[in-house]
Number of protein chains: 2
Amino acid sequence: MGRTLGLILALLSAPIVLIAADWNILYQKGKQPKHGVEFNLKNYCESWRMNVELHNIREFEVVPEECADYIGKYMNSVQYKVDSERAIEECTVFLSTSCSLKRDGRDAWIFDVDDTLLSTVPYFKKHRSGGEKLNLTSLEEWMSNAKAPALDHTRKLFNELKERGVQIILVSSRREHLRSATIDNLVDVGFYGWTSLILRDPSDEGKAVQKYKADTRKQLIDQGYRIWGIVGDQWSSIEGLPSAKRTFKLPNPMYYVS
Amino acid sequence: MGRTLGLILALLSAPIVLIAADWNILYQKGKQPKHGVEFNLKNYCESWRMNVELHNIREFEVVPEECADYIGKYMNSVQYKVDSERAIEECTVFLSTSCSLKRDGRDAWIFDVDDTLLSTVPYFKKHRSGGEKLNLTSLEEWMSNAKAPALDHTRKLFNELKERGVQIILVSSRREHLRSATIDNLVDVGFYGWTSLILRDPSDEGKAVQKYKADTRKQLIDQGYRIWGIVGDQWSSIEGLPSAKRTFKLPNPMYYVS
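Since the model is a prediction, treat every value here as computed from it, not as a measurement. (Residues numbered from 1 in each chain as written. Chains lettered and ligands numbered in written order. Predicted model: local features only at pLDDT ≥ 70, side-chain atom pairs only at ≥ 80, totals over all residues. Heavy atoms only, no water.)

S.K.: Even after reading the chapter, I still don't get helix α6 (residues 136–144) of chain B, so can you show me in this structure?
M.R.: For an α-helix, the turn length of 3.6 residues means that residues three or four places apart are oriented alike. Residue and element names in this part refer to chain B. Restricting attention to buried positions, one finds in α6 the residues Leu139, Glu140, Trp142 and Met143. The buried side chains of α6 occupy one side of the element, clustering within an arc of 155° when seen end-on. Residues Thr137 and Glu141 are exposed on α6 and point more than 90 degrees away from its buried face. Contacts from the buried residues of α6 go to α5 (121–125), β2 (167–175) and α8 (179–188). Between the side-chain oxygen at the start of α6 and the backbone nitrogen of Thr137 there is a gap of 3.1 Å, and the oxygen is on Asn135. With its phi angle positive at about 60°, Ala146 sits one or two positions after the end of α6. (Buried < 20%, exposed > 50% of the residue type's maximum accessible area, 1.4 Å probe, protein only. Helix = DSSP H or I, 4+ residues; strand = E, 2+ residues; numbered from the N terminus. Arc of directions from axis to C-beta. Contact = heavy atoms within 4.5 Å. Polar contact = N/O pair within 3.5 Å; in protein donor to acceptor, adjacent residues only side chain to side chain.)

Laid out in structure tokens, this is it:
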């Protein structure tokens, strides 16, 4: 499905630019829009972000140019922190009330790495907060420096799971060659004691990330793991079968991984 | 799953009240919070709303009391309209680019009724925008008056689907006894020409709404329908199998249907 929808973006970009131009004019001149509702650039960018989080907007390659500043502000705002903290609080509530842990070494919880444990905000700050087309070589170079800061709220949950004897499994779309940099970075900012760090090896690179992650969960379940929760910042980390008892989506409007 | 999670809310309400009290104090006195990030009531309510839309917060029975005003403002704002319009625009893009319609009378699209075609905002305006526990008798009495306004953006999509020969199927959690009032209301505000209006009959009332809606889709598929899209304001209208080629979630932080 992700594949089929991949087509949309190319087709979408034209209307987006067109509509955006409209909006910019409206914003500057305060004219009555054709759409029936009077709104400004902030309304537009906020609705763009909301619809990304609702998974109505998919497969976008870049943040719309005129929203790059808005998205940058959001990612560096108190609101982003509070939104993320609330998502993690819901994990904690679920863990305390709805997980009958067996403590037999097979209770498991899955985390993404980027923008779930480690923040890529410092990287994207230099690349228009997603408003510039992603350059994988440059992003991987930044990742290999192992200087990504921790997301504090997720670290709290990570440690709580560890204390309760839940096996922590990291399933990332980072590629194998970044393994040692990823481990260094994670340990350096306080993430250690996980059970497994699963990265994409060359044979997985042909697969969509959603399929790679679902296939990985299948293998984990076949090994006897009970996956209680998944925390990720992308719908591709959460959707697809087999799933977990509950899934939790952190906000991230900077990029889309299908 | 919805059932199990039903437990959470009762357990959740205590911490929510506690945290809310904290937040209120902070907001009034501007003190440094214990949570590490300084934030105010607006940040809190916005993060509550965002996490409802992300489907991290589930099974809530009421909007947190201190956020009722904020949610009321949102539901009557330009932002709510722009957010909803953008969701519908994504449907239109999907329809134009990714649906190979066969026009054999079996292409289908599913809509919810409340807060998808018809707005319950006028009702909830009188009931603290969801900040008051739902009284089904009173809501059904309001529905039986058949005075709910249309959601204009969805009507545009509804008409476009009709023009393209797509069968429109309305699947609502409204109960059978509201059938004639529902039809009157829909036609009165410009929705007509649908193929089927499916309401819950007494035998479905024991089921969770998500199961009732998934079972309905199963029956439609067995009848030969190809369900291209679902538009709903609740995750229970969208999740569960069988699904559709794409699903679209409209914003609605006023209530939760599981």
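S.K.: Teacher, can you tell me more about empty space enclosed by the protein here?
M.R.: The gaps left among the atoms become clear once a water-sized probe is rolled over them. In this structure the tally under the stated criterion is nine cavities of 30 Å³ or more. Taken as a whole, the largest cavity spans an internal volume of roughly 80 Å³. Along the walls of the largest cavity sit A:Glu46, A:Arg49, A:Met50, A:Asp83, B:Glu46, B:Arg49, B:Met50, B:Gln79 and B:Asp83, which together make up its complete lining. At the level of elements, α2 (41–53) of chain A together with α2 (41–53) and α4 (78–98) of chain B are the ones that each hand at least two residues to the lining of the largest cavity. Residue composition of the lining of the largest cavity, by class: two nonpolar, one polar and six charged. (1 Å grid on protein atoms, 1.4 Å probe; cavity = no way out; pocket = protein on both sides within 12 Å on 5 of 7 lines; lining within 4 Å. Points joined across faces, edges and corners; volume = space filled by probe spheres on them. Nonpolar A, V, L, I, M, F, W, Y, C, P; charged D, E, K, R; others polar.)

S.K.: Would you mind showing me how to read unusual backbone geometry here?
M.R.: The phi torsion of most residues other than glycine is negative, and most of the peptide bonds are trans. Residues and elements named next belong to chain A. Geometrically, the link from Leu241 to Pro242 is a cis peptide bond, its omega value of -5° lying close to zero. On the secondary structure map, Pro242 appears in the loop between β4 (226–232) and β5 (246–249). With a phi close to 60°, Glu59 is a non-glycine residue in the positive phi region. Mapping Glu59 onto the fold places it in the loop between α2 and α3 (68–75). Positive phi is not limited to glycine here, since Ser129 has a value of about 50°. Assignment of secondary structure puts Ser129 in the loop between α5 (121–125) and α6 (136–144).

S.K.: I tried to follow α8(B) on my own but got confused; where do I start?
M.R.: Residue and element names in this part refer to chain B. Of the positions making up α8, those classed as buried are Ala181, Thr182, Asn185 and Leu186. Considered in projection along α8, the buried side chains sweep an arc of 130° and stay on one side of the axis. Across α8 from its buried face, at more than 90 degrees, point the exposed residues Ser180 and Asp188. Where the residues of α8 are buried, they touch α6, β2 and β3 (196–200). Once α8 ends, the next one or two residues include Gly190, with phi positive near 105°.

S.K.: I'm lost on the side chain of B:Ser84 in this one. Help?
M.R.: Residue and element names in this part refer to chain B. Tracing the sequence through the fold places Ser84 in helix α4. Residue Ser84 is classed as buried on the basis of its relative accessible area, which comes to 1%. Beyond its immediate sequence surroundings of up to four residues, Ser84 is in contact with His153, Leu250 and Pro251.

S.K.: Explain the confidence of the model for chain A to me, please; I cannot follow it from the model alone.
M.R.: As a note on interpretation, predicted positions should not be read in detail where pLDDT is low. Across chain A, the average pLDDT comes to 89, with 86% of residues at 70 or higher. In the predicted complex, the global pTM is 0.87; the interface-specific ipTM is 0.87. (pLDDT = per-residue confidence, 0-100.)

S.K.: Is there a simple way to explain the packing of α2(A) against α3(A) in this structure?
M.R.: The relative placement of two packed helices is expressed as an angle between their axes plus a distance between the axes. All names here are of chain A. Remark: α2 packs on α3, axes separated minimally by 10 Å, with the N-to-C direction vectors making an angle of 65°. Two packed elements cross with a definite hand, and for α2 against α3 that hand is right-handed. Touching Lys42, Cys45, Glu46, Trp48 and Arg49 of α2 are Tyr70, Ile71 and Tyr74, all from α3. Here the residues of the contact of α2 with α3 sort into five nonpolar, no polar and three charged. (Axes fitted to C-alpha atoms, helices over the stretch in contact; angles between N-to-C directions. Left-handed = near helix turned anticlockwise from the far one by under 90°.)

S.K.: Sorry, what's going on with the state of the cysteines here?
M.R.: Between two cysteines, a covalent bond joining their sulfur atoms is known as a disulfide. Residue and element names in this part refer to chain A. With the rule as written, the count across this model stands at two disulfides over all chains. Each sulfur of the disulfide joining Cys45 and Cys67 lies 2.2 Å from the other. Across the S-S bond of Cys45 and Cys67 the torsion is about -85°, and the bridge reads as left-handed. Residue Cys45 is found in helix α2, and its partner Cys67 is found in the loop between α2 and α3; the two are separated by 22 residues along the sequence. Per residue, the accessibility class of Cys45 equals that of Cys67, and both read buried. Here Cys99 stays free of any disulfide, with the sulfur of Cys91 as its closest cysteine sulfur at 9.7 Å. When its relative accessible area of 11% is taken as the criterion, Cys99 is described as buried. (Disulfide = S-S within 2.5 Å.)

S.K.: Is there a simple way to explain the environment of B:Ala108 in this structure?
M.R.: Along the chain, B:Ala108 falls in strand β1 (residues 107–111). Between the alpha carbons of B:Ala108 and B:Ile169 there is a distance of 6.9 Å; along the sequence they are 61 residues apart.

S.K.: How should I be thinking about the pattern of salt bridges in this particular structure?
M.R.: All names here are of chain A. Per the counting criterion, the structure on display carries 36 salt bridges over all chains. When the shortest N-O distance is used, the salt bridge between Lys249 and Glu53 registers 2.8 Å. Of this pair, Lys249 sits in strand β5 while Glu53 is found in helix α2, placing the two residues 196 residues apart along the sequence. Because the salt bridges share partners, they merge into one network encompassing Asp204, Lys207, Lys211 and Asp215. (Salt bridge = Lys/Arg side-chain N within 4 Å of Asp/Glu carboxyl O.)

S.K.: Help me out: how do you make sense of the packing of aromatic side chains in this one?
M.R.: Any pair of aromatic rings gets described here by the distance separating the centres and the angle formed by the planes. This model, assessed by the stated rule, comprises 23 aromatic pairs over all chains. With centroids separated by 5.8 Å and ring planes inclined at 55°, the aromatic side chains of B:Phe60 and B:Tyr256 adopt a geometry described as tilted. Note that B:Phe60 is positioned in the loop between α2 and α3 (68–75) and B:Tyr256 in the segment after β5 (246–249), a separation of 196 residues in sequence. Residue B:Phe60 shares its accessibility class with B:Tyr256, and that shared class is buried. Of the aromatic side chains, those joined through ring pairs into one cluster are A:Tyr123, A:Phe124, A:Trp142 and A:Tyr255. The ring of B:Tyr74 carries B:Arg49 above its face, with NZ or CZ at 3.8 Å from the centroid. The ring of B:Tyr225 has B:Arg106 lying over it, and the distance from NZ or CZ to the ring centre is 4.7 Å. (Phe/Tyr/Trp six-rings, centres within 6.5 Å; stacked < 30°, edge-to-face > 60°. Lys NZ or Arg CZ within 6 Å of the ring centre and 35° of its normal.)

S.K.: What should I look at first to understand the sheet that holds β2(B) in this one?
M.R.: Either a parallel or an antiparallel arrangement is found when strands of a sheet pair, and the pairing is made through backbone hydrogen bonds. Residue and element names in this part refer to chain B. Spatially, β3-β2-β1-β4-β5 is the arrangement adopted by the five strands of the open sheet, whose pairing is parallel. Among the strands making up the open sheet, the edge pair consists of β3 and β5. Within the sheet, the average angular offset between the axes of one strand and its neighbour, ignoring direction, is 20°. Two strands pair when backbone bridges link them, and β2 and β3 are joined in this way by four bridges, in the parallel orientation. Each bridged residue has a counterpart across the sheet, and for Ile169 the counterpart in β3 is Ser196. Against the sheet, α4 contacts β1, β4 (226–232) and β5, and its axis sits at roughly 165° relative to β5. (Pairing = 2+ DSSP bridges.)

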